[in-house]
Amino acid sequence: SLLNRNMADPRAEPTFLAVKPDGVQRGLVGEIISRFRKLGYQLVAGKFVWPSKDLLHDHYAELSSKPFFPGLIEYMSSGPVFAMVWEGTDVVSVGRKTIGATNPRKSPIGTIRGDLAIDVGRNICYGSESVGTAEREIALWFTTDEVASYDLARRIGFIKKN
Ligand code: GDP
């Protein structure tokens, strides 16, 4: 299992994040990585993938009956996405908060979507909604050997543990 690989912190968990094709084309990969890294989270896997429709049907299986589903598949398969695995304490819920609401115009200023997007159909990034879906999505997008295991230096006074 890719869960709880960081045994030093029992609350550490993984999430799957992706910069969508519009985010890649708009040059936002670095900005999105930077926001998560500055929060204190750890990037353990990252790669460009031009996703097949099969992969996207699997990834978005729960949305297959929605009216916007065909458009979503066209959008997500229109170019490469930057797929990532991040780890840390509560990274799933903090990640969703950091990304913001599905509709960028309803997403608060300060969130990635609220600051950088305006269209629900071009909302630049994706983040898993639970630890369970994160584990499924990481297995869907990555092989185990693509996920790095390494410790960040934790010096007393730099990184506070509560
Ligand atoms: P997310 O978890 O915030 O990404 O939202 P959902 O899982 O509900 O939807 C997945 C993706 O489908 C969203 O990020 C949007 O890109 C797209 N989407 C959701 N709702 C709509 C909608 O009402 N219209 C359109 N065009 N796209 C939508």
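Residues numbered from 1 in each chain as written. Predicted model: local features only at pLDDT ≥ 70, side-chain atom pairs only at ≥ 80, totals over all residues. Heavy atoms only, no water.

Within an unreviewed UniProt entry, the label attached to the chain reads nucleoside-diphosphate kinase, and the organism entered is Candidula unifasciata. Its UniProt record gives the chain a comment under Cofactor (unreviewed entry), which states: "Mg(2+)". (UniProt positions renumbered as here; feature names shortened; annotations may be inferred.)

Visitor: Would you mind going over helix α2 (residues 29-39) with me for this structure?
Guide: Given 3.6 residues to a turn, an α-helix orients residues that are three or four positions apart in the same direction. Within the span of α2, buried status applies to Val29, Ile32, Arg35 and Phe36. Across the axial projection of α2, the buried residues extend over an arc of 140 degrees, all falling on one side. Where α2 is buried, its residues contact β1 (12-19), α1 (21-25), β3 (81-89), α5 (91-99), α6 (112-116) and β4 (125-127). (Buried < 20%, exposed > 50% of the residue type's maximum accessible area, 1.4 Å probe, protein only. Helix = DSSP H or I, 4+ residues; strand = E, 2+ residues; numbered from the N terminus. Arc of directions from axis to C-beta. Contact = heavy atoms within 4.5 Å.)

Visitor: What exactly am I supposed to notice about the UniProt feature "binding site: ATP" (unreviewed entry) in the chain here?
Guide: Here, the residues flagged by UniProt with the feature "binding site: ATP" (unreviewed entry) are Lys20, Phe68, Arg96, Thr102, Arg113 and Asn123. Secondary-structure assignment places Phe68 in the loop between α3 (53-59) and α4 (69-76). Residue Phe68 is classed as partly exposed on the basis of its relative accessible area of 45%. Counting through the fold element by element, Arg113 comes out in helix α6.

Visitor: Looking at this model, I keep getting lost on the packing of aromatic side chains. Mind explaining?
Guide: Each aromatic ring pair is characterised by the separation of its centres together with the angle its planes make. Inspection of the entire model under this criterion finds 6 aromatic pairs. Ring plane angle 50 degrees and centroid distance 6.0 Å describe the contact between Phe16 and Tyr126, whose orientation is recorded as tilted. In this pair, Phe16 is assigned in strand β1 and Tyr126 in strand β4, connecting sequence segments 110 residues apart. The residues Phe16 and Tyr126 share a single accessibility class, namely buried. Each residue in the set Phe16, Tyr60, Tyr126, Trp141 and Phe142 is aromatic and connected to the rest through ring pairs, giving one cluster. We note Lys47 situated over the ring of Phe142; from NZ or CZ to the ring centre the distance is 4.7 Å. (Phe/Tyr/Trp six-rings, centres within 6.5 Å; stacked < 30°, edge-to-face > 60°. Lys NZ or Arg CZ within 6 Å of the ring centre and 35° of its normal.)

Visitor: Any chance you could explain the site of the ligand here in plain terms?
Guide: Looking at the ligand, the residues that line it are Lys20, Tyr60, Leu63, Phe68, Leu72, Arg96, Thr102, Arg113, Val120, Gly121 and Asn123. Separating an oxygen atom of the ligand from a side-chain N or O atom of Arg96 is a distance of 3.0 Å. At 3.0 Å, a side-chain N or O of Arg113 approaches an oxygen atom of the ligand. Contact with the protein chains hides 71% of the accessible area of the ligand, taken as 550 Å² for the molecule alone. (Near = heavy atom within 4 Å. Polar contact = N/O pair within 3.5 Å; in protein donor to acceptor, adjacent residues only side chain to side chain. Areas by Shrake-Rupley, 256 points an atom, 1.4 Å probe, with all protein chains shown as cover.)

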